[in-house]
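The lines below spell out each chain.
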Amino acid sequence: MEELDSKINLWIRERLIPLLLPTGNESNNAKFTISRPTGAFFISDLFFVTIHSDNSEDKSAVVKLPLRNPGVNVVIEYDGLFTNEILFYNKIAHIYHKHYPKCYLAGDDPIFKSVIVLEDIRPRGYTVSPKKVNADIHYIAAGLKAIGRFHGHIYAIKEKDPEMYCEIIKTTCRIRYRNDSNDKKLKVDVDGKFQRLLRALRDRNRDPEFNKVICKAFKKPYNDILTKCAEPIEPLAIIVHGDCTMNNILYRTSNDGEIESMLIDFGLLMHSSPATDVSTFLYMSAKREDIRDRLEELFTIYHDSLIESMKEHGVWDSNKYSRQVFWQDYCDRAIFGYVGAAVFFRYFMIIYEKNDVIPEYSEAIADQFFESTEGKDFMDELINMLDDLRISGMLNHIIDKSKK
C-alpha cells in the first residue's frame, strides 16, 4: 500500500502537475491533495487530485488507474473495461466534448500500465443523484436525456463516418453477453440468482398458469433473455453504454431550476440495441409506479433527446429512426432491464444506498435480506413489475415462444 501511494505521489509530481500546469515555475512549486469519491462506487482505482498553485486557481482532476489486485483484474476482465473507456475518450468524447468530462490523458503510461485523467466536474456543480433506486422522476427524466443524447452521438458517427464506426466496434471489448466459455461464470451466477424470484413467484401462486409459463421461459435467463436481447439488430444497433445506472450519471441544477445530466464511466460499451440502455436505466433506477404509469411519457423524453442530438449533427431520418421504431424495439427488450434488476443490481443498489458501503454478495447475505420485511417487500415489487410487463403486452413474444 505504501509502495503504491509512493508511486501515485511520484506520478502526480512528474506527470499530472506538468500536464495541468505546463508553466515550469508554477509546476515546480505546486502542491496537491488526494481524495476518494463518496456517494458512488467505481470498479477502477479512482481518486480526485487537486493541485494548488500560488499563481493560479486550484485545478482538479479525476484519475483512474488499473486495479491493484491482479486476481480481481482477471475475474472482472478489468483490462477490457479500461480499454473501452480509453477508446471512448479518444474516439468519441472528444468529438462531442461539451457533453462529457474533458479528457486530459487516456492511454499508456510510463509509471502505470495505463491511466485516464479526466476533468473533475464537481466544480461545475455536478454530483451524484441523492437516490440510486426509486429516484425522483425529474432525475429519471434528466438521465434519459443524457442517454438519448449519447445515442445520438453514436448514430452520428455511424451515419457520417461508417469506417470509423466499424473500427470502434472491432476495438470494443465485449465484457458481457458473449455466450462463450469466458462468459460461463456470469451465466451461472445470473441463472442461479433468478431462480430465487421464480421460487417466490410459485410460492405466492397468484396465477398458476402464468407462473408455469414464466418458469419455463426463464429457465436460462442469461442466454435466452439477456444475451438474446443484447444482440445487435440493424438498423438500430449502435455502441451502447452498457451500464446505465444512477451510479454512472452525474447531475446538477441549473440557474433556472432545470436538472441537467452527464453520462460517465464507459467501461461496458458494447454493440447492441439502444433499448438495453433505456430498459436498464428504468428498471435499475425508477419507481415501479413511474415505469407502469408514465412509461410512454418517459420514453418520449428519451426519444426527443435522441432526435435533438441527431438533428444537431445532421443525421436525423424521421422514417428510419421514428418513435414507433424505437418504441417497438424497447417493447421487445424491456425484459432485459427487468432481468438485470431482478437478478442482482437493484437489490445491490438498495443495500449500498442504505449502508453507503459496497456490499459483498453471498447467498447467506441474500437469504438474510430476503427473509426480512424489507426483502419480502422488495420481492413483491419485483413480482408486481413482472406482472406490469405482462399487462403491458411486453412479455407476449416470450410467452408465445415458451408455449410452442
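Residues numbered from 1 in each chain as written. Predicted model: local features only at pLDDT ≥ 70, side-chain atom pairs only at ≥ 80, totals over all residues. Heavy atoms only, no water.

Caption draft 1: Expanded view of the overall build of the chain. Check the secondary structure of the chain and you find 15 helices and nine strands. Going through the 404 residues of the chain one by one, you find that 54% of them count as buried. (Helix = DSSP H or I, 4+ residues; strand = E, 2+ residues; numbered from the N terminus. Buried < 20%, exposed > 50% of the residue type's maximum accessible area, 1.4 Å probe, protein only.)

Caption draft 2: Up close: the environment of lysine 219. Counting through the fold element by element, lysine 219 comes out in the loop between α8 (208-217) and α9 (221-229). Taking relative accessible area as the criterion, lysine 219 reaches 54% and is therefore assigned exposed. Considered as a pair, lysine 219 and glutamine 195 are 24 residues apart in the sequence and their alpha carbons are 8.0 Å apart.

Caption draft 3: Structural context of the nonpolar core. Membership of the largest hydrophobic core comes to 105 residues, with the highest contact counts inside it found for Phe218, Leu282, Tyr330, Ile335 and Tyr338. Among the elements that make up this core, the one with the highest residue count is helix α12 (residues 323-355) (twelve residues). Beyond its immediate sequence surroundings of up to four residues, isoleucine 335 is in contact with Phe218, Ile225, Cys229, Leu389, Leu395 and Ile398. One finds Trp11, Leu20, Leu21 and Val49 within the second-largest nonpolar core, a separate group that totals 17 residues. (Core = buried A, V, L, I, M, F, W, Y, C linked by side-chain atoms within 4.5 Å. Contact = heavy atoms within 4.5 Å.)

Caption draft 4: Summary view of the packing of aromatic side chains. Within the structure shown, the criterion is met by 20 aromatic pairs. Measuring from centroid to centroid gives 3.6 Å for phenylalanine 88 and phenylalanine 266, while their planes differ by 10°, and the two rings are stacked. Here phenylalanine 266 lies in the loop between β8 (259-263) and β9 (270-272) and phenylalanine 88 lies in helix α4 (residues 78-93), a separation of 178 residues in the sequence. In terms of burial, phenylalanine 88 and phenylalanine 266 fall into one category: buried. Their ring planes at 50° and their centres at 5.7 Å tell us that phenylalanine 150 and phenylalanine 266 sit as a pair that is tilted. One end of the pair, phenylalanine 150, is in helix α5 (residues 137-160); the other, phenylalanine 266, is in the loop between β8 and β9, and 116 residues separate them in sequence. Taking the relative accessible area as the measure of exposure, phenylalanine 150 reaches 0% and is therefore buried. With relative accessibility at 0%, the residue phenylalanine 266 sits in the buried group. One aromatic cluster in this structure is built from Phe88, Tyr89, Tyr100, Phe150 and Phe266. The ring centre of phenylalanine 48 lies 3.6 Å from the NZ or CZ of arginine 122, which sits over that ring. The side chain of arginine 323 reaches across the aromatic face of tryptophan 327, ending 5.4 Å from its centre. (Phe/Tyr/Trp six-rings, centres within 6.5 Å; stacked < 30°, edge-to-face > 60°. Lys NZ or Arg CZ within 6 Å of the ring centre and 35° of its normal.)

Caption draft 5: Looking closely at the pattern of salt bridges. Scanning all chains against the criterion turns up 22 salt bridges. When the shortest N-O distance is used, the salt bridge between glutamate 258 and lysine 145 registers 3.6 Å. Of this pair, glutamate 258 sits in the loop between β7 (249-253) and β8 while lysine 145 sits in helix α5, and the two are 113 residues apart along the sequence. In this structure, the salt-bridge partner of aspartate 207 is arginine 390, at a minimum N-O distance of 3.0 Å. Residue aspartate 207 is located in the loop between α7 (184-204) and α8, and its partner arginine 390 is located in helix α14 (residues 373-392); the two are separated by 183 residues in the primary sequence. For arginine 390, a relative accessible area of 27% translates into the label partly exposed. (Salt bridge = Lys/Arg side-chain N within 4 Å of Asp/Glu carboxyl O.)

Caption draft 6: Expanded view of the packing of helix α11 (residues 288-312) against α14. Look at α11 against α14: their axes get within 10 Å of each other, and the N-to-C directions meet at 10°. By the angle between their axes, α11 is roughly parallel relative to α14. Residues Arg288, Ile291 and Arg292 of α11 form the contact with α14, whose participating residues are Glu381, Asn384, Met385 and Asp388. Of the residues that constitute the contact of α11 with α14, the class distribution is two nonpolar, one polar and four charged. (Axes fitted to C-alpha atoms, helices over the stretch in contact; angles between N-to-C directions. Parallel < 35°, antiparallel > 145°, perpendicular 65-115°, else oblique. Nonpolar A, V, L, I, M, F, W, Y, C, P; charged D, E, K, R; others polar.)

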